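The residues making up each chain are set out below.
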Amino acid sequence: MSINTNWYIIIGAPSSGKTEVIRDLAFLGYTTLAEVSRDLIDAEISKGKTVKEVRVNEAEFQKRVLQIRIKAENKIPPKQTIFIDGGGIPSNIAYYQIVGLDPTIVIKEAKKRKYRGVFFLERLPFEKDYARVEDEKIVSDLDRLLYEAYVNLGYDVI
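Each chain has its residues counted from 1, following the order in which its sequence is written. Thresholds applied to this predicted model are a pLDDT of at least 70 for local features of residues and 80 or more for the giving and counting of side-chain atom pairs; totals over whole chains, interfaces and linings are not thresholded and use all residues. Neither water nor hydrogens contribute to the side-chain values; these are computed over all heavy atoms in the structure.

**Thoughts on the pairing of strand β2 (residues 7–11)**
Alright, step 1. Summary of the burial criterion: residues with accessible area below 20% of their type's maximum are buried, those above 50% are exposed, and those between are partly exposed, where the area comes from a 1.4 Å probe applied to protein chains only. Helical segments are the DSSP runs of H or I of at least four residues, strand segments are the runs of E of at least two, and each set is numbered from the N terminus. For β2, the tally of buried residues reaches five of five residues, placing the bulk of the element in the interior.
Alright, step 2. Pairing between strands is defined by DSSP: at least two bridges between them are needed. Where β2 and strand β4 (residues 82–85) come together, four bridges link them in parallel fashion. Within β4, the residue paired with I10 across the bridge is D85.
Alright, step 3. Here β2 pairs with strand β6 (residues 117–120) via four bridges, running parallel. Bridge pairing in β6 places Y8 opposite G117.

As structure tokens, this is what we get:
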């Protein structure tokens, strides 16, 4: 049985403007949740690690991201209106597929909640930054897989 939430998901490939949209929504007074993978990277960098060290094993990194997302979402009251950067738990389906992990556990977890809305941002020119390790092919694959993950779970993706 899934719990209906009042949560909105902002998804899209890396460098599609998700974080900028979230910043604008926060500026307008909406409650937002930052991208957990970037928060994880920033936390590890603050301990003296490099991005390369943090993401040396991308499969393990994605497992950590999933666990952090689950914990973060479990703390949000279902009736609270919130906009989530980088997608909710279903986004991990795409990332698990990219790194060769079986996404079954992610799908099972994703079905525990129903998001109010899913907004998919179209790709923009890819801009590499300190936290991104993806190349153009991975970004293209993620663009497709992220969209498919939500559609396959029954969402009307906007």
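So that's the structure; there's more coming.
**Notes on the pattern of salt bridges**
Alright, step 1. Basic side-chain nitrogens of Lys or Arg form a salt bridge, by our definition, when they fall within 4 Å of a carboxyl oxygen of Asp or Glu. Applying the stated criterion to the full structure yields 14 salt bridges.
Alright, step 2. The partner of R69 in a salt bridge is E35, and the shortest N-O contact between them spans 3.1 Å. With R69 in helix α4 (residues 58–74) and E35 in the loop between β3 (32–33) and α2 (36–46), the pair connects residues that are 34 residues apart, well separated along the chain. Residues R69 and E35 agree in their burial class; the two are buried.
Alright, step 3. For R123, the salt bridge is made with E136, and the minimal N-O distance between the two is 2.2 Å. One end of the pair, R123, is in the loop between β6 and α7 (136–152); the other, E136, is in helix α7, with 13 residues separating them in the sequence.
Alright, step 4. Residue classification places R123 among the partly exposed residues on the basis of a relative accessible area of 30%.
Alright, step 5. With relative accessibility at 43%, the residue E136 sits in the partly exposed group.
Alright, step 6. Three or more residues joined by partner-sharing salt bridges are found here, namely E44, K47, K49 and R64.

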